[in-house]
Amino acid sequence: MKIIRTSNYDEMSKMAAQILEEDIINNPQITLGLATGSTPTGLYSELIKKYNEGKISFEKIKTVNLDEYVGISPDNKQSYNYFMKENLFNKIDIKEENTYIPNGLVENLEQECQRYNEIINDMPNRVQLLGIGSNGHIGFNEPADSFQEGTNVVDLKQSTIKDNSKKYFDGDENSIPKKAISMGIDQIMSADKIVLIASGKNKSKAIYDAICEDVSPNCPASIIKQHPNVTIIVDEEAAQLLPKDI
Ligand code: F6R
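The model shown is predicted, which means the values in this text are computed figures rather than measured ones.

Rules used throughout
Residues numbered from 1 in each chain as written. Predicted model: local features only at pLDDT ≥ 70, side-chain atom pairs only at ≥ 80, totals over all residues. Heavy atoms only, no water. Buried < 20%, exposed > 50% of the residue type's maximum accessible area, 1.4 Å probe, protein only. Helix = DSSP H or I, 4+ residues; strand = E, 2+ residues; numbered from the N terminus. Pairing = 2+ DSSP bridges. Near = heavy atom within 4 Å. Polar contact = N/O pair within 3.5 Å; in protein donor to acceptor, adjacent residues only side chain to side chain. Nonpolar A, V, L, I, M, F, W, Y, C, P; charged D, E, K, R; others polar. Phe/Tyr/Trp six-rings, centres within 6.5 Å; stacked < 30°, edge-to-face > 60°. Arc of directions from axis to C-beta. Contact = heavy atoms within 4.5 Å. Core = buried A, V, L, I, M, F, W, Y, C linked by side-chain atoms within 4.5 Å.

Asks: Honestly, the pairing of strand 6 (residues 126-130) in this entry has me stumped. Any pointers?
Replies: Side-chain direction in a regular strand flips from residue to residue, so the side chains alternate between the two faces of the sheet. Counting buried residues in strand 6 gives five out of five residues, a clear majority hidden from the surface. Side chains Arg126, Gln128 and Leu130 of strand 6 all project onto a buried face; the interleaved residues Val127 and Leu129 project onto the opposite face, where all are buried too. Pairing analysis gives four bridges linking strand 6 to strand 9 (residues 193-198), with the strands arranged parallel. Residue pairing in the sheet places Leu129 in a bridge with Val195 of strand 9.

Asks: Help me understand the site of the ligand, please; the structure alone is not making it clear to me.
Replies: Near the ligand there are 15 residues, and of these Thr39, Asp67, His137, Gly139 and Lys203 occur at the shortest range. In this structure, Asp67 approaches the ligand through a side-chain N or O atom, which is 2.6 Å from an oxygen atom. Residues that form the shell around the ligand fall into these classes: four nonpolar, eight polar and three charged.

Asks: How should the packing of aromatic side chains be read in this particular structure?
Replies: To describe a pair of aromatic rings, one takes the distance between the centres and the angle between the planes. What the rule picks out here adds up to four aromatic pairs. Ring geometry for Tyr69 versus Tyr80: centroids 4.9 Å apart, planes at 45°, classification tilted. Highlighted residues: Tyr69 in strand 4 (residues 67-69) and Tyr80 in helix 3 (residues 80-87), separated in sequence by 11 residues. When sorted by exposure, Tyr69 lands in the same class as Tyr80, which is buried. Centroid distance Tyr69 to Phe169: 5.7 Å. Interplanar angle 85°. Geometry classified as edge-to-face. With a gap of 100 residues between them, Tyr69 in strand 4 and Phe169 in the loop between helix 5 (158-168) and strand 8 (179-182) connect regions that are remote in the sequence. Since its relative accessible area comes to 0%, Tyr69 is described here as buried. Connected via pairs of aromatic rings, a cluster forms that spans Tyr69, Tyr80, Phe140 and Phe169.

Asks: When you look at helix 5 in this model, what are you seeing that I'm missing?
Replies: Owing to its 3.6 residues per turn, the α-helix aligns residues three or four sequence positions apart on the same side. Every buried residue of helix 5 is accounted for by Thr160, Ile161, Asn164 and Ser165. Buried residues of helix 5 fall within an arc of 120° about the axis and therefore sit on the same side. Next to the buried residues of helix 5 lie strand 4 and helix 3. Asp170 occupies a position one or two residues after helix 5 and carries a positive phi of about 50°.

Asks: Quick question: what am I supposed to make of the nonpolar core here?
Replies: One recurring pattern in soluble globular proteins: nonpolar side chains tend to sit buried together. With 30 residues, the main nonpolar core has Leu130, Ile132, Ile138, Leu196, Ile207, Ile224 and Ile232 as its most contacted residues. For this core, the secondary-structure elements that each account for two or more residues are helix 4 (109-121), helix 6 (185-189), strand 9, helix 7 (204-212) and strand 10 (230-235). Here the element with the most residues in this core is helix 7; it accounts for four residues. Those residues in contact with Ile138, other than ones at most four positions away along the chain, are Leu130, Gly131, Ile185, Ile188, Leu196, Pro220, Ala221 and Ile224.

By themselves these figures say nothing about function.
The structure is reproduced here in structure tokens:
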């Protein structure tokens, strides 16, 4: 496990973008496993910049997103589908048919999970980008008694509802969906490489638990220590509880 400390959010974003740029240049047909939320927006801006400078192309790239809320349409501004278009896809040369995100509006959620499982199984050479929840979730795999397997429907924890309603639903906990579809922990772990980014002091406990505590489904992110190729990029605030020698 490689841990990169950066001084702030911008540096974290640039460092992550540099890693993904190298991966894309080494394999222009790579699959990118992508995350949404406030953490990767700076990284996506950096990737757009690199695309505009002609350094990278997404023409042959496929993307597979980690998750989507249940019950909101892909056109809804609060959906992760919309987020990805606004923050990345509409600003680069990726083909829409090469981008995959669960559909949270389907009637049969089990069938949707199955469809997504097949998509992920079909995608070799994946670099998986992750954020981390303040409760240690990755994707929307919340703390639980066991690690979730396969794409699954998740009941969001109260802490996630609180965090995300503050950021994206004007603090209105009633309007945020309470369920989401998420890639499973085993599917995250099946990527060839994992890059986790974290910024801010509200992530510091989750980062400490993920890196320093034993692997436990109570902190889903703790499992990534077992992956052979993982890079964690943290800014100073997210790293504030880590021992100095890490
Ligand atoms: C979103 C996702 C989540 C977020 C996490 C952190 O696709 O997979 O695990 O990465 O909730 O969210 P932010 O970055 O908004 O703090």
